[in-house]
Amino acid sequence: MADAETYEVLAVKYGTHAERMRADNFLSPGPRMTAAAAAAADDHSTPMPLDYFIWVVRNAKRTILVDTGFSLAEAPLRARKLEHEPRDVLKRLGIDAARIEQVVISHLHYDHAGTLDHYTGARFHIQEAEMRYATGRCMCDESMRKPFTVDHVCQMVKNVYSGRVQFHDGDGEVAPGVTVHKAAGHSQGLQAVRVKTANGHVVLASDATHFYENIEQRKPFSITVNLEETLRTYDRLQELASTPKQVVPGHDPLVLERYPAWKPETQGIVHKLDAPRLD
Ligand SMILES: [Zn+2]
Ligand SMILES: [Zn+2]
């Protein structure tokens, strides 16, 4: 029965940005806090590192990749530390990048949509609004195009022309038990992925919430193109998951503490999000 399908969900860490401060990760003090409380809670000079992930969703029938990360060549251009090229970590999981058939791109920012050319057999799932945004007039402004890399966007345009893109507008299905949901705010057409697991529905939020703190404290990330949509998206993500705790942020190092390693030797690299949380 198709709707009985459940999946293993893996967070795969491939990079990190250690030299990062709290001030880099929040738009402004949270709206629920008074100015005095915000000042006390938010020492903006405290380090707050950020990890880079891609996600693997799989069962006996299929393997779906969520985001493709960025390449070794791009890391120094963005002053980031790349620990593994994403396809090399996938190899350790027994996955050949060239044989993956379905890739969901949460949004077209440089750290989510690079190395598209490694996935030569894939069909790419993306929101119409994200493609419009990344190829439209907003990109005339440096401040809005900064998180994008033009080569990634051009590669996605080429994929459209070769018939390898599946567009979604709002909610859409990738496979039985795997759906995408527009989760805009950080980017115009960001989408989250909801996956049915043996422990209920897990929501891969990607950059709809970079850290647990963004969604839990309702303190949006520093890159926010629409504040109101960002806050509505937080509500939607929590509704989509079986419990609010099962919304998985896109860049939080805490993910690796809150979920068990896939295998002992993948501690700190590949962790299992379909398992119950450890905390
Ligand atoms: Zn982003
Ligand atoms: Zn990101």
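Report on the accompanying structure. (Residues numbered from 1 in each chain as written. Chains lettered and ligands numbered in written order. Predicted model: local features only at pLDDT ≥ 70, side-chain atom pairs only at ≥ 80, totals over all residues. Heavy atoms only, no water.)

Here the zinc ion (ligand 1) is held by the protein donor atoms His107 (NE2), His109 (ND1), His186 (NE2) and Asp207 (OD), which lie 2.2 Å from it. With 4 donor atoms in place around the zinc ion (ligand 1) and angles of 89 to 170° between them, the coordination shape is irregular. Each donor residue of the zinc ion (ligand 1) lies on one chain, and together they are spaced H-x1-H-x76-H-x20-D. Here the zinc ion (ligand 1) and the zinc ion (ligand 2) are spaced 3.6 Å apart, and both take Asp207 as a donor. Exposure class is identical for His107 and His109. Each is buried. (Donors = N, O, S within 2.8 Å, 3.2 Å for Na, K, Ca; no water. Tetrahedral: all angles 85-135°; square planar, octahedral: opposite > 155°, others 65-115°. Buried < 20%, exposed > 50% of the residue type's maximum accessible area, 1.4 Å probe, protein only.)

On to the packing of aromatic side chains, then. The tally for this structure, following the rule as stated, stands at 6 aromatic pairs. Each ring, one from Tyr133 and one from Phe148, has its centre 5.6 Å from the other, and the planes form 70°; the classification is edge-to-face. Of the two residues, Tyr133 is situated in helix α4 (residues 128-135) and Phe148 in the loop between α5 (142-145) and α6 (150-161); the sequence distance between them amounts to 15 residues. Phe148 shares its class with Tyr133; the two are buried. These aromatic residues form a ring-pair network of at least three members: Tyr14, Tyr52, Phe70 and Tyr110. A cation sits over an aromatic face here: Lys219 above Phe26, 4.6 Å from the ring centre. Between Arg258 and the ring centre of Tyr212, over which it is positioned, the NZ or CZ distance is 4.2 Å. (Phe/Tyr/Trp six-rings, centres within 6.5 Å; stacked < 30°, edge-to-face > 60°. Helix = DSSP H or I, 4+ residues; strand = E, 2+ residues; numbered from the N terminus. Lys NZ or Arg CZ within 6 Å of the ring centre and 35° of its normal.)

Right, let's get into the coordination of the zinc ion (ligand 2). In this structure, Asp111 (OD), His112 (NE2), Asp207 (OD) and His251 (NE2) serve as the protein donors to the zinc ion (ligand 2), at separations of 2.1 to 2.2 Å. What the 4 donor atoms of the zinc ion (ligand 2) show is an angle range of 88 to 155° at the metal, which sorts the shape as irregular. Between consecutive donors of the zinc ion (ligand 2), the numbers of intervening residues give the motif D-H-x94-D-x43-H.

Right, let's talk about the environment of Asn199 for a bit. Along the polypeptide, Asn199 turns up in the loop between β10 (191-197) and β11 (200-206). Between the alpha carbons of Asn199 and Asp235 there is a distance of 21 Å; along the sequence they are 36 residues apart. Apart from residues lying up to four places away in sequence, Asn199 is in contact with Gln246, Asp274, Ala275 and Pro276. A polar contact is formed between the side chain of Asn199 and the backbone oxygen of Asp274, at a distance of 2.6 Å. (Contact = heavy atoms within 4.5 Å. Polar contact = N/O pair within 3.5 Å; in protein donor to acceptor, adjacent residues only side chain to side chain.)

Let's shift gears to the layout of surface pockets. In this model, the largest pocket occupies a volume close to 320 Å³. In terms of lining, the largest pocket is formed by 18 residues, of which the most central are Arg20, Arg80, Tyr110, Pro147 and Ile223. Of the residues in the lining of the largest pocket, the class split is 6 nonpolar, 5 polar and 7 charged. In this structure, the second largest pocket encloses a volume near 260 Å³. Forming the boundary of the second largest pocket are Lys61, Arg62, Thr63, Gly94, Ile95, Asp96, Arg99, Ile100, Glu101, Gln102, Val174 and Ala175. Classifying every residue of the lining of the second largest pocket gives 4 nonpolar, 3 polar and 5 charged. (1 Å grid on protein atoms, 1.4 Å probe; cavity = no way out; pocket = protein on both sides within 12 Å on 5 of 7 lines; lining within 4 Å. Points joined across faces, edges and corners; volume = space filled by probe spheres on them. Nonpolar A, V, L, I, M, F, W, Y, C, P; charged D, E, K, R; others polar.)

The next subject is the packing of α4 against α6. Axis separation between α4 and α6 bottoms out at 11 Å; the angle between their running directions is 130°. Between α4 and α6, the angle is such that the two are oblique. You can see that α4 and α6 cross each other, and the crossing is left-handed. Along the contact surface, α4 presents Met131, Ala134 and Thr135, while α6 presents Val153, Met156, Val157 and Val160. Tallied by class, residues from the contact of α4 with α6 come to 6 nonpolar, 1 polar and no charged. (Axes fitted to C-alpha atoms, helices over the stretch in contact; angles between N-to-C directions. Parallel < 35°, antiparallel > 145°, perpendicular 65-115°, else oblique. Left-handed = near helix turned anticlockwise from the far one by under 90°.)

By themselves, these figures tell us nothing about what the structure is for.
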